[in-house]
Amino acid sequence: MKQFGNIYLIAATSVIGGALFGFDISSMSAIISTAPYKCQFNQQGNNPDTGACQGPDDVVQGGITASMPGGSWLGALCSGFLTDRFGRKTTIQIGAIIWVIGSIIVCAAQNIPMLIVGRIINGLSVGICSAQVPVYISELSPPSKRGRFIGMQQWAITWGIAIMFFLCYGSSFIEGEAAFRLPWGLQIIPAALLFFGLMVLPESPRWLAKHDRWEEAKGVLVLVHGQGDPHSQLVAREMAEIKEAVDFERQNADVSYLELFRPKMINRTHIGIFTQVWSQLTGMNVMMYYISYIFTMTGSGDDVLLPSGIQFIINVVMTVPALIWLDRWGRRPTLLIGAFFMCLWLCVNAGLFAVYSHAPAPHQFDTAAISMVIGGKPAKAVIASTYLFVASYAPTWGPVSWTYPAELYPMRVRGKAVALATSANWAFNFALAYFVPPAFASITWKTYVLFAVFCFAMFWHTFFLFPETANKTLEEVAATFEDNGPGSIKYIGVPAWKTHNDRSIVRLERNLVSSEEKIDIEHSTTPKN
């Protein structure tokens, strides 16, 4: 079968796996406040005053929402074994098949247990795809554009959120169960596109090389990086680096998850895990899952879906600057700026709710999670601050949290390491999805203070321990963590604040190197006896 080597096509197809996560977020956030959903899953019975269906209580709704990230945690961990055995591409296709199965069960759900089972199966798929799509793209992308292409995973998530949200909004005008079953059923379509689209794309050259399929590996590099030129200097350099890495890794075989916690590896393991953990502790996905609760608190009326949808549009639009300039900005400045501004807007919301809100009247709302009411100009300020928070997350921690972990590790552990880091994302996603409704019910505005403290902590953690990885080959990034160079720190490598974004690789990719530089490259890529 003919394979296509256009890296934009490769990235655009594979990141549909990220869109599945987005579909799931808004397929729940846009549905939980609608009457058909509440009546189908009416665990609390009818409101004694109005007779309206109340739906699940805050704890049960937290469990329904959290079931997907719970499955994703398990899927991310399993993906490490799948990707090492079957390859990056095939593993993502397995995830697509699992998504179809889960979506059928969710669409047909007759009660809360059946809904939870379907969402857990969907979560398995999201965990597999979210862990391995960044690995697949990172191993195929040219170094100077790697951030852009892996960042497309986050952009696909934002598109998935927005598309599914407005599908749900349109379906909300349908009478009866079709209001939520139709959008839940339509989730099958992108998974089918992902499965069949990957058939005409190449496998990761680094995975092929690891399995002694050298001619195929070189053919993929020539197709994707060399524009069909087998004598490309970039292809020669990458093949030499891959060969050196494979030879070294064969002397350190039998990779297991335990290797990630050995002294020479634990620093980058902790960085990858905390990149994903901090991205959850920003509170962004809480905003996505429970945005209808927040807008109900501001007195937006019964129809909170449309104003809630504005933040999803902001999320899509504000991710674009990162796709264009992330590799120019570098990873460290982007993360630091994002943490600062998110902390600011969370503090603003906490202050506004603390000063101007009051408790709702008895039976005013169907869930105890809607624990505050705020109106007038302070309510408008809360809405504006929420939008600004999303605009701060979208070009910073959103794309970088997927880009960064996939760049940190040597090839022999990359599949399992990224799977472990992504599983941490889903573990905290699960915990927060379950925790936030009871948190709003019990500690109200202090929930915002908690997330602001997390953003403050992540700023300093990033400053002292997260090195720059932009515009380096994956093998050069791995060398950053070696502790045998001048100025390096034992078990840490080059201090993070001393690493910089060097864009000289761009000239090599564009074949703008001088004759002397080409001689140096040829010398460096000559196999050593």
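The rules we used
Residues numbered from 1 in each chain as written. Predicted model: local features only at pLDDT ≥ 70, side-chain atom pairs only at ≥ 80, totals over all residues. Heavy atoms only, no water. 1 Å grid on protein atoms, 1.4 Å probe; cavity = no way out; pocket = protein on both sides within 12 Å on 5 of 7 lines; lining within 4 Å. Points joined across faces, edges and corners; volume = space filled by probe spheres on them. Helix = DSSP H or I, 4+ residues; strand = E, 2+ residues; numbered from the N terminus. Buried < 20%, exposed > 50% of the residue type's maximum accessible area, 1.4 Å probe, protein only. Polar contact = N/O pair within 3.5 Å; in protein donor to acceptor, adjacent residues only side chain to side chain. Contact = heavy atoms within 4.5 Å. Disulfide = S-S within 2.5 Å. pLDDT = per-residue confidence, 0-100. Core = buried A, V, L, I, M, F, W, Y, C linked by side-chain atoms within 4.5 Å. Axes fitted to C-alpha atoms, helices over the stretch in contact; angles between N-to-C directions. Parallel < 35°, antiparallel > 145°, perpendicular 65-115°, else oblique. Left-handed = near helix turned anticlockwise from the far one by under 90°. Nonpolar A, V, L, I, M, F, W, Y, C, P; charged D, E, K, R; others polar. Phe/Tyr/Trp six-rings, centres within 6.5 Å; stacked < 30°, edge-to-face > 60°. Lys NZ or Arg CZ within 6 Å of the ring centre and 35° of its normal.

A.B. asks: Can you walk me through empty space enclosed by the protein in this structure?
C.D. replies: One water molecule sets the probe size; rolling that probe over the atoms shows where empty space is left. For the coordinates displayed, the defined rule picks out 4 cavities of 30 Å³ or more. Every residue lining the largest cavity is counted, 14 residues in all, and those nearest its centre are Phe 21, Gln 154, Ile 157, Asn 285 and Tyr 393. Elements with a minimum of two residues in the lining of the largest cavity: α7 (146-171), α13 (266-281), α14 (284-289) and α19 (397-403).

A.B. asks: Help me out: how do you make sense of the side chain of Ser 79 in this one?
C.D. replies: Assignment of secondary structure puts Ser 79 in helix α4 (residues 58-86). We classify Ser 79 as buried; its relative accessible area is 0%. Within the structure, the side chain of Ser 79 is placed 2.6 Å from the backbone oxygen of Ala 76, a separation counted as a polar contact. A distance of 3.1 Å separates a polar atom in the side chain of Ser 79 from a polar atom in the side chain of Gln 132. Non-local contacts of Ser 79, meaning those with residues more than four positions away in its chain, are made with Thr 91, Ile 128, Ala 131, Gln 132 and Ala 419.

A.B. asks: Is there a simple way to think about the state of the cysteines in this case?
C.D. replies: In protein structure, a disulfide is the covalent linkage between the sulfur atoms of two cysteines. Here the structure, examined in full by the defined rule, presents 1 disulfide. One disulfide bridge connects Cys 39 with Cys 53, the sulfur atoms lying 2.2 Å from each other. Taking the sign of the S-S torsion, about 100° here, the bridge from Cys 39 to Cys 53 comes out right-handed. With a gap of 14 residues between them, Cys 39 in helix α3 (residues 35-40) and Cys 53 in the loop between α3 and α4 connect regions that are remote in the sequence. Look at Cys 39 and you get partly exposed, because its relative accessible area is 42%. A relative accessible area of 18% means that Cys 53 is categorised as buried. No disulfide involves Cys 129; its nearest neighbouring cysteine sulfur is the one of Cys 78, lying 13 Å away. Its sulfur unpaired, Cys 347 is 4.3 Å from the next cysteine sulfur, which belongs to Cys 343.

A.B. asks: Looking at this structure, how should I read the confidence of the model for the chain?
C.D. replies: Parts of the model with low pLDDT should not have their predicted coordinates read in detail. Here the chain averages 87 in pLDDT, while 93% of its residues score no lower than 70. Mean pLDDT across the elements of the chain ranges from a minimum in helix α24 (residues 515-524), with 46, to a maximum in helix α5 (residues 88-107), with 96. Low pLDDT, under 50, characterises residues 515-529; the predicted model gives this stretch 11 contacts beyond four residues in sequence or across chains.

A.B. asks: So what exactly am I meant to see when it comes to the nonpolar core here?
C.D. replies: In a soluble, globular protein the nonpolar side chains are often hidden away together inside. With 134 residues, the main nonpolar core has Tyr 37 and Trp 184 as its most contacted residues. Sort the elements by how many residues they give to this core and helix α20 (residues 411-443) lands first, with 13 residues. When neighbours within four sequence positions are excluded, Trp 184 is seen to be in contact with Ser 27, Met 28, Ile 31, Tyr 37, Phe 41, Ser 103, Val 106, Cys 107 and Leu 115.

A.B. asks: What is the right way to look at the packing of α13 against helix α21 (residues 446-465) in this model?
C.D. replies: Relative placement of two packed helices is described by the angle separating their axes and the distance separating the axes. At their nearest, the axes of α13 and α21 sit 10 Å apart, and the two run at 155° to each other. Relative to α21, α13 is oriented roughly antiparallel. For α13 against α21, the interelement crossing comes out left-handed. Where α13 abuts α21, its residues His 270, Ile 271, Phe 274, Trp 278 and Leu 281 lie against Phe 451, Phe 454, Ala 457, Met 458, His 461 and Leu 465. Looking at the contact of α13 with α21 residue by residue, the classes come out as 9 nonpolar, 2 polar and no charged.

A.B. asks: Looking at this structure, I do not really get the packing of aromatic side chains. What am I missing?
C.D. replies: Two aromatic rings, taken as a pair, are described by how far apart their centres are and by the angle between their planes. By the definition in use, this model includes 27 aromatic pairs. Between the aromatic rings of Tyr 37 and Trp 184, the centroid separation amounts to 6.5 Å while the plane-to-plane angle is 85°, which identifies the pairing as edge-to-face. In this pair, Tyr 37 is assigned in helix α3 and Trp 184 in helix α8 (residues 178-186), connecting sequence segments 147 residues apart. Each member of the pair Tyr 37 and Trp 184 is classed as buried. Among the aromatic residues, ring-to-ring pairing joins Phe 459, Trp 460, Phe 463, Phe 464 and Trp 497 into one connected group. Residue placement shows Lys 2 over the ring face of Phe 4; its charged tip is 5.4 Å from the ring centre. The ring of Phe 463 has Arg 332 lying over it, and the distance from NZ or CZ to the ring centre is 5.6 Å.

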